[in-house]
Amino acid sequence: MRTSTRIALAASAAALLIGCVSAPASSSPGDAGAGGRVLVFSKTAGFRHDSIPEGIAAVRDLGAAGGFAVDATEDAGAFTDANLRRYDAVVFLSTTGDVLGADQQTAFEHYIEKGGGYVGVHAAADTEYDWPFYGGLAGAYFQDHPAIQPATVKVEDRGNPATAHLAPTWNRTDEWYNYRSNPREHAHVLASLDESSYTGGTMAGDHPISWCQNYRGGRSFYTGAGHTKESYADPAFRQHLLGGIRWASGAAQADCRPESGYTSLFDGTAESLKDWKQAGPGSFELSDDGTLTSAGGMGMLWYAGRPLGSYSLKLDWKMAGDDNSGVFVGFPESDDPWSAVNNGYEVQIDATDAPDRTTGSVYSFRSADVKKRDRALNPPGEWNTYEIRVEGEHLRIWLNGVKVNDFTNTDPARSLRDGYVGIQNHGNDDQVSFRDIRVKDLPAKPGAGSGH
């Protein structure tokens, strides 16, 4: 891992900067304190976007408000092992063409392989066509684009810091790229274009426009937005860019593994709650942005549409502070929330209790790997993502893409093989939010749960 400090960006600092446009701040080596450092690289060897100065100023604003230093350069000579080691992330801001020499490419490969972060903005996809490592890092190469026009962006993942602030659809005007390939198979798509909402999309209805991935030891975030000068004064786009920088630098965590084949159980609409039932007191309140927030308790909202056997369950969750809640799996149909406690298993959310009763634990049965959990966990006020995978009597838990627990049921009075799933409203003093609950059926494995 790199020895440079990670960017310590508080959510409160992010809130302060949204909508703020100020004069570019200066930075020089060594003045970042413990806050970290970002390099903005904007060299062009082809078309040059006139929005580059606004983009550099926006990243400087984000750094000034968020506590990280920003250096900006168009000198490829900055790409040496020694210099890149100073940075938590490198932003390729609408670069075009061949911008790095062979030795500089090698240095950047070393940087990524040692845990470095890459943020590609807009024409970063129109860069280094003859460098396969870069093509894989960026995720896809530019093909062409229609005229600048409004379009509807479908936000596919609202658990990532780059998209958590957005509604399920994001209407904006930009220059919308078509790409030479679809990154979905190897990258995690955060947002895609509704090709029916504008003219000139050529990706057959599956048109990713922002994605992230873990790549060769490092982290890569890309957004196709950011062509226009106006983008960098748009609070929603600035937060999108900030979230990408935070994730790429390691200051925020998210699940950026490729995802496909999931069916929504709750998509943020009231209609999608028709197969859910409230057991016990309290409830969950549905907000306009499609978030369920607990109220009262202790009860549980459970999905009564069908029992689940072998499956992967994913959902996003957020705590307001020192709160308590959990996700229940493997319990029988019942209007009594204590039935789930006594007959199923709870994957805990609260991070302040004993090790076998905290985030990532199978409550009172098995602690998470606490070191991995602590590195993967976002603090209260920020979204986290669970994957809970059940195969036979085998239960595994991923937090923001990191496997933190591996548990096998051996209690003959309980079984994970056939049961329901639910989310807990723990009590009046506990406020926890959930959204984007989805499931993927997995093939049953013969002998699963016989021991691992």
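Residues numbered from 1 in each chain as written. Predicted model: local features only at pLDDT ≥ 70, side-chain atom pairs only at ≥ 80, totals over all residues. Heavy atoms only, no water.

S.K.: Got a minute to help me understand the packing of aromatic side chains in this structure?
M.R.: Here the distance between the centres and the angle between the planes together describe a pair of aromatic rings. Scanning all chains against the criterion turns up 28 aromatic pairs. Between F365 and F407, the aromatic rings sit 6.2 Å apart at their centres with planes inclined by 55 degrees, giving tilted as the arrangement. Of the two residues, F365 sits in the loop between β19 (345–348) and α8 (370–376) while F407 sits in strand β22 (residues 402–408), which places them 42 residues apart along the sequence. Each residue in the set F41, F79, F92, F108, Y111, Y118, W131, F133, Y134 and Y215 is aromatic and connected to the rest through ring pairs, giving one cluster. (Phe/Tyr/Trp six-rings, centres within 6.5 Å; stacked < 30°, edge-to-face > 60°. Helix = DSSP H or I, 4+ residues; strand = E, 2+ residues; numbered from the N terminus.)

S.K.: Teacher, can you tell me more about the pairing of strand β15 (residues 292–295) here?
M.R.: Note on strand geometry: in a regular strand, side chains alternate between the two faces of the sheet. Neither face of β15 is exposed, since L292 and S294 on one face and T293 and A295 on the opposite face are all buried. Two elements, strand β14 (residues 283–286) and β15, share 4 bridges in a ladder whose sense is antiparallel. From the neighbouring strand, F284 faces β15, where its bridge partner is S294. Taken together, the 2 bridges between β15 and strand β24 (residues 432–441) define a ladder with antiparallel strand orientation. Its bridge partner lying in β24, L292 is registered against F434. (Buried < 20%, exposed > 50% of the residue type's maximum accessible area, 1.4 Å probe, protein only. Pairing = 2+ DSSP bridges.)

S.K.: Where do I start with unusual backbone geometry in this structure?
M.R.: Note on backbone geometry: most residues besides glycine have negative phi, and most peptide bonds are trans. The amide bond that connects G297 to the next residue, M298, takes the cis arrangement and shows omega of 15 degrees. The topology assignment puts M298 in the loop between β15 and β16 (299–308). The backbone of S364 sits at a positive phi, close to 70 degrees, despite the residue not being glycine. Along the chain, S364 falls in the loop between β19 and α8. Its relative accessible area of 33% is what places S364 among the partly exposed residues.

S.K.: Would you mind showing me how to read the packing of helix α2 (residues 52–66) against helix α6 (residues 235–249) here?
M.R.: When two helices pack together, their arrangement is given by the angle between the helix axes and the distance between those axes. Where α2 meets α6, the closest approach of the two axes is 11 Å, and the angle between their N-to-C directions is 65 degrees. On the basis of the axis angle, α2 is roughly perpendicular to α6. Both α2 and α6 take part in a crossing whose hand is right-handed. Together, A58, V59, D61 and L62 of α2 and R238, L241, L242 and I245 of α6 make up the contact between the two elements. Its residues assigned to classes, the contact of α2 with α6 comprises 6 nonpolar, no polar and 2 charged. (Axes fitted to C-alpha atoms, helices over the stretch in contact; angles between N-to-C directions. Parallel < 35°, antiparallel > 145°, perpendicular 65-115°, else oblique. Left-handed = near helix turned anticlockwise from the far one by under 90°. Contact = heavy atoms within 4.5 Å. Nonpolar A, V, L, I, M, F, W, Y, C, P; charged D, E, K, R; others polar.)

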